[in-house]
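Geometric and topological summary
So the chains spell out like this:
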Amino acid sequence: IMNKLLFIITIVTTSLMSCSPVVTPLTGSYMEKPYEIKVDKDFEQVWSNVIDLFARKGLSIQVIDKASGLIVSEQTSLLQSYTFEDSNGKLIDNNAWIIVQKITLSRQVLLPIRFLGSWNIRLKKIDDNKTIINVNLNINSAQGQWYNTMTGKPSGIFYTMSAKSTGNFEKMISNMIQ
């Protein structure tokens, strides 16, 4: 009787553990605070370049206030701009704007199905030929879902995924302006 009980406990424990998500912590170094850069360009030129960048990247603008130097994007899907880390803590896609924490469930990696964020950019004139640019990503929601490999259909289970900026969007702004 004891062996049967131990066998049943082992089966139940194994079954429960295989249904629990495994979260792989991010090991790389990513943006923890807003990105700031000082450029040797006048405010008008920097302002125009940032507006052009938003247009080229298809980012709709929610708030635009030139007097305060503030540009805020609409919430936008970041599904086309994310990546995971590889087993060495390096970005799988070196050009991705966002890094997402990997969650594995039943040996399947959850894929983001809903991933929204907005960019806040603040420009501040220092003098006639110097401007400070602050860029901040607000990730509003990142949800993951896994797919049933037998049916190929998504599960009804959603998980919140941790995500951060890789710094690539911010560097693109910096490179475009310099």
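Structural data are supplied above this passage.
Residues numbered from 1 in each chain as written. Predicted model: local features only at pLDDT ≥ 70, side-chain atom pairs only at ≥ 80, totals over all residues. Heavy atoms only, no water.

Moving on: the nonpolar core. In this structure, V50, I98, W119, I121, I133, F169 and I173 are the most contacted members of the largest nonpolar core, which totals 32 residues. For this core, the secondary-structure elements that each account for two or more residues are β2 (35–39), α2 (43–57), β7 (98–100), β8 (102–105), β10 (111–127), β11 (130–147) and α3 (168–177). With 6 residues, α2 is the single largest residue contributor to this core. (Core = buried A, V, L, I, M, F, W, Y, C linked by side-chain atoms within 4.5 Å. Buried < 20%, exposed > 50% of the residue type's maximum accessible area, 1.4 Å probe, protein only. Helix = DSSP H or I, 4+ residues; strand = E, 2+ residues; numbered from the N terminus.)

Under the definition given, this model contains 5 aromatic pairs. Arranged with centres 5.6 Å apart and planes meeting at 80 degrees, the rings of Y82 and F84 form a pair that is edge-to-face. Where W97 meets F169, the ring centres are 4.8 Å apart and the plane angle is 65 degrees; that geometry is what we call edge-to-face. Here the residue W97 occupies a position in the loop between β6 (82–83) and β7, and F169 occupies one in helix α3, the gap between them amounting to 72 residues. Side by side, W97 and F169 carry an identical accessibility label, which is buried. (Phe/Tyr/Trp six-rings, centres within 6.5 Å; stacked < 30°, edge-to-face > 60°.)

For α2, which comprises 15 residues, the first-to-last C-alpha distance of 21 Å matches the rise-based estimate of 21 Å (1.5 Å per residue) to within 8%. A positive backbone phi angle near 70 degrees is found at G58, which sits one or two residues after α2. (Expected span 1.5 Å × (residues − 1).)

Taken together, 3 strands build an open sheet; the order of strands is β1-β8-β9 and the sheet is antiparallel. Looking along the sheet, the strands with just one partner apiece sit at the ends: β1 (22–24) and β9 (108–109). As paired elements, β1 and β8 share 3 bridges and run antiparallel to each other. The residue bridging T24 from the neighbouring strand is K102, located in β8. (Pairing = 2+ DSSP bridges.)

The subject of this paragraph is the pairing of strand β3 (residues 61–65). Sheet topology note: the β3/strand β4 (residues 70–73) ladder contains 4 bridges and is antiparallel. Residue pairing for β4: V63 is matched across the bridge by V72. Between β3 and β4, which pair antiparallel one after the other, the connecting turn spans 4 residues, and G69 there sits at a positive phi close to 75 degrees.

Let us look at the pattern of salt bridges. Overall, the coordinates contain 4 salt bridges when judged by the stated rule. Between K66 and E44 there is a salt bridge whose closest N-O contact spans 2.6 Å. Of this pair, K66 sits in the loop between β3 and β4 while E44 is found in helix α2, placing the two residues 22 residues apart along the sequence. (Salt bridge = Lys/Arg side-chain N within 4 Å of Asp/Glu carboxyl O.)

So, about the pairing of β4. Sheet topology places β4 next to β10; 3 bridges connect them, and they run antiparallel. By the bridge assignment for β10, L70 is matched with R122.

Looking now at the side chain of S118. Relative to the elements of secondary structure, S118 occurs in strand β10. Residue S118 is classed as buried on the basis of its relative accessible area of 8%. Beyond its immediate chain neighbours, meaning those up to four positions away, S118 contacts S73, E74, Q75, N136, L137, N138 and N140. (Contact = heavy atoms within 4.5 Å.)

A sheet is described by the order of its strands in space; here 3 strands give the open sequence β6-β7-β13, paired in mixed fashion. Taken across any chain shown, the strands that pair with only one partner, and hence form the sheet edges, are β6 and β13 (163–165). Note: β7 against β13, 3 bridges, orientation antiparallel. Within β13, the position partnered with I98 by the bridge is S165.

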